[in-house]
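Notes for the structure review
What follows is each chain in one-letter form.
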Amino acid sequence: MNHLESLVQISQYYGTNPAYVIAGGGNTSYKNSEKLYIKASGISLSTIDTDGFVVMSRQHLGEMEDKAYSDDPVSREDEVKKDLKKAIISPEHLRPSVETSLHNLIDYAYIVHTHPTNVNALMCSNDAASEVEGRFGSEAIFVEYTDPGFILFKKLQSQVKEYVERNHESPKLIFLQNHGIFVGANTAREIKAIYDSVESRIRANRDLHLPQGEIEKISSEASIVIADYCKERGLVSSAFKTPLSEHFAVDREHYEKISKPFTPDIIVYCKSRYLFLEKEIGKDEILNRIEEFEKKNTYYPKVIVQEKVGLILVEENERSIQTVLEVFNDMMKISYLSEQFGGQHFMTPEQIAFIDNWEVENYRRSVAKAV
Ligand SMILES: [Zn+2]
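Think of each chain on its own: its residues are numbered from 1, step by step along the sequence as written. Thresholds applied to this predicted model are a pLDDT of at least 70 for local features of residues and 80 or more for the giving and counting of side-chain atom pairs; totals over whole chains, interfaces and linings are not thresholded and use all residues.

1. Comments concerning the packing of helix H9 (residues 221–232) against helix H13 (residues 283–297)
The description of two packed helices rests on the angle between their axes and on the distance between the axes. Defined as follows: Working convention: axes come from line fits to C-alpha atoms, limited for helices to the stretch in contact. Angles between N-to-C directions cover 0 to 180 degrees. Under the scheme used here, helices are H or I runs from DSSP no shorter than 4 residues and strands are E runs no shorter than 2 residues, and both carry numbers assigned from the N terminus. Angle categories: roughly parallel below 35 degrees, roughly antiparallel above 145, roughly perpendicular from 65 to 115, and oblique for all the rest. We call a crossing left-handed when the near helix sits turned anticlockwise from the far one by less than a right angle, and right-handed when that turn is clockwise. Working definition of a contact: two residues with C-beta atoms, positioned from the backbone, lying within 7 Å. Gly is placed with the polar residues, together with every amino acid not listed as nonpolar (Ala, Val, Leu, Ile, Met, Phe, Trp, Tyr, Cys and Pro) or charged (Asp, Glu, Lys and Arg).
At a minimum axis separation of 10 Å, H9 and H13 run at an interaxial angle of 55°. Relative to H13, the element H9 is oriented oblique. When the axes of H9 and H13 are compared, the crossing they make is right-handed. Between H9, through Ala222, Val225, Ile226 and Tyr229, and H13, the contact on the second element is made entirely by Lys283, Ile286, Leu287 and Ile290. Here the residues of the contact of H9 with H13 are counted per class, giving seven nonpolar, no polar and one charged.

2. Examining unusual backbone geometry
For clarity, the cut-off: Three classes are used. A residue is buried when 20 or more other C-beta atoms lie within 10 Å of its own, exposed when 12 or fewer do, and partly exposed in between, with C-beta atoms placed from the backbone.
Put simply, Ser90 and Pro91 share a cis peptide bond, and its omega is -15°. Within the fold, Pro91 resides in the loop between strand E4 (88–90) and helix H4 (100–105). Backbone geometry at His168 places phi at a positive 60°, although glycine is not the residue there. As for its position among the elements, His168 is in the loop between helix H7 (150–167) and strand E7 (173–176). Overall, His168 belongs to the exposed group, with 7 C-beta atoms counted inside 10 Å. The backbone of Lys308 sits at a positive phi, close to 60°, despite the residue not being glycine. Within the secondary structure, Lys308 sits in the loop between strand E12 (303–306) and strand E13 (310–315).

3. Focus: the nonpolar core
In plain terms, the rule: By convention the nonpolar core is taken to be a set of buried residues drawn from Ala, Val, Leu, Ile, Met, Phe, Trp, Tyr and Cys and joined through C-beta atoms within 7 Å. Where each domain starts and ends follows an automatic or database-derived domain assignment.
With 94 residues, the main nonpolar core has Tyr110, Phe175, Val303, Val327 and Phe328 as its most contacted residues. Ranked by the residues each element gives to this core, the list is headed by helix H14 (residues 318–338), at nine residues. Lining this core are residues from two domains, each supplying at least three of them: domain 1 (3–203) and domain 2 (216–370). Residues within four places of Phe328 in sequence aside, it is in contact with Cys270, Val303 and Leu311.

4. A look at the domain arrangement of the protein
Here the protein is partitioned into domain 1 (3–203) and domain 2 (216–370). Taken over C-alpha atoms, the centre of domain 1 sits 28 Å from the centre of domain 2. Facing 26 residues of domain 1, the contacting portion of domain 2 comprises 27 residues. Listing elements by their share of the side of domain 1 that touches domain 2, those giving two or more residues are helix H5 (117–123) and helix H6 (128–136). Top element by residues in the side of domain 1 that touches domain 2 is H5. It accounts for five residues.

5. Structural notes on the pairing of E13
This is how the line gets drawn: Following DSSP output, two strands are said to pair if at least two bridges run between them.
Judged by how many residues are buried, E13 sits mostly within the fold: six of six residues are covered. Linking E12 back to E13 in an antiparallel pair, the connection comprises three residues, with Lys308 at a positive phi of about 60°.

6. What to know about the sheet that holds strand E8 (residues 180–185)
Read across the open sheet, the eight strands follow the order E4-E3-E2-E1-E5-E8-E7-E6; overall the sheet is mixed. Pairing within the sheet leaves two strands with one partner each, and these edge strands are E4 and strand E6 (140–143). Each neighbouring strand pair of the sheet contributes to a mean axis angle of 20°, computed without reference to strand direction. In the packing of H6 onto the sheet, the strands contacted are E6 and E7, and the crossing angle to E6 comes to about 180°.

7. A word on the sheet that holds E13
Across the sheet, five strands lie side by side as E9-E10-E13-E12-E11; this open sheet has mixed pairing. A single partner strand is all that each edge strand has here, and the edge strands are strand E9 (216–218) and strand E11 (275–277). On average, adjacent strands in this sheet sit at an angle of 30° to one another, irrespective of strand direction. Pairing geometry for strand E10 (residues 236–241) and E13, over five bridges, is antiparallel. Paired with Ala239 across the bridge in E13 is Ile312.

8. A short note on H14
Spelled out, the test is: Helix span is expected to be 1.5 Å times the residue number reduced by one.
The end-to-end C-alpha distance of H14 is 30 Å, a good match for the 30 Å that 21 residues give at a rise of 1.5 Å each. The buried count for H14 comes to 15 of 21 residues, which makes it a mostly enclosed element.

9. Re the environment of Arg76
Its location among the elements puts Arg76 in helix H3 (residues 73–86). Other than its neighbours up to four places away in sequence, Arg76 contacts Tyr69, Ser70 and Phe150.

Spelled out as structure tokens, the structure:
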């Protein structure tokens, strides 16, 4: 098997496993001394083929690393985006993953970046830094949450540099707070071995079992009211009960633990704010609350948690509802499991605002919808 075939195989291996990758999340790459083959933005790892990768010039990417870009975040990301485009060898019509520079930085042939549920249970917990230190010691780098894009690249660049000075090789394991993990190695087989060891080291001395059961489609008075309201606006809505919605919809206090996003990816698919409806409220009040929500946030609630009932999801079509369900269900798992590591550590309002306004993520969402 050649390197590109190996890359496709390992991409699909993690891409089809929901414990590692949900929706369009995660990205992978292969590089030699001249070229970097990186997953294109908006393409799903689960079905990716050789034509889903963008071939980039490593010389051009290297030139970007120490270039001075604008201090203004919007102009800076725009300049970076243009330089990234110039670094494309082929094909012109695809856009490389926003994490391309990170892949170029880590000096291994294969890089597999994912957002595994168990890793994120740790990354989105209050004890993330100390637990990584205790479980992985000097083997791993832990990167505190940083806005995605060039700022994150610069932070990682300096941490990787320090690591290389200390250990005389690139790090194979990079943990990103409130985000996920980068694993690098020179063979696909070693990548898998590292992922397996990460999984077992996170499980050590902790109970990472989740409540078991099926996801069921349900109907409630509120879900019917909301479905009618959606129809009038060309939207669709479905209601679900999952083992974890039973846990978090019990009352407002439990809901608080899933009331804010943990990672940028959650915002991409579910937005950053959700609506909680108390059990007893009537039809008019439900519609008032949705209208209030829309006025305040300028978008409709994609995720509505109804007390003692479950999740009512709103989207443009059934397929997108399924994606919101998968992503929000994963978010509930992360919240539940984070209790094993000191409890939930959400993104801050400033971090959330940055993602809400980020054009790159909007692009990813629109491509994912169009596929
Ligand atoms: Zn990511």
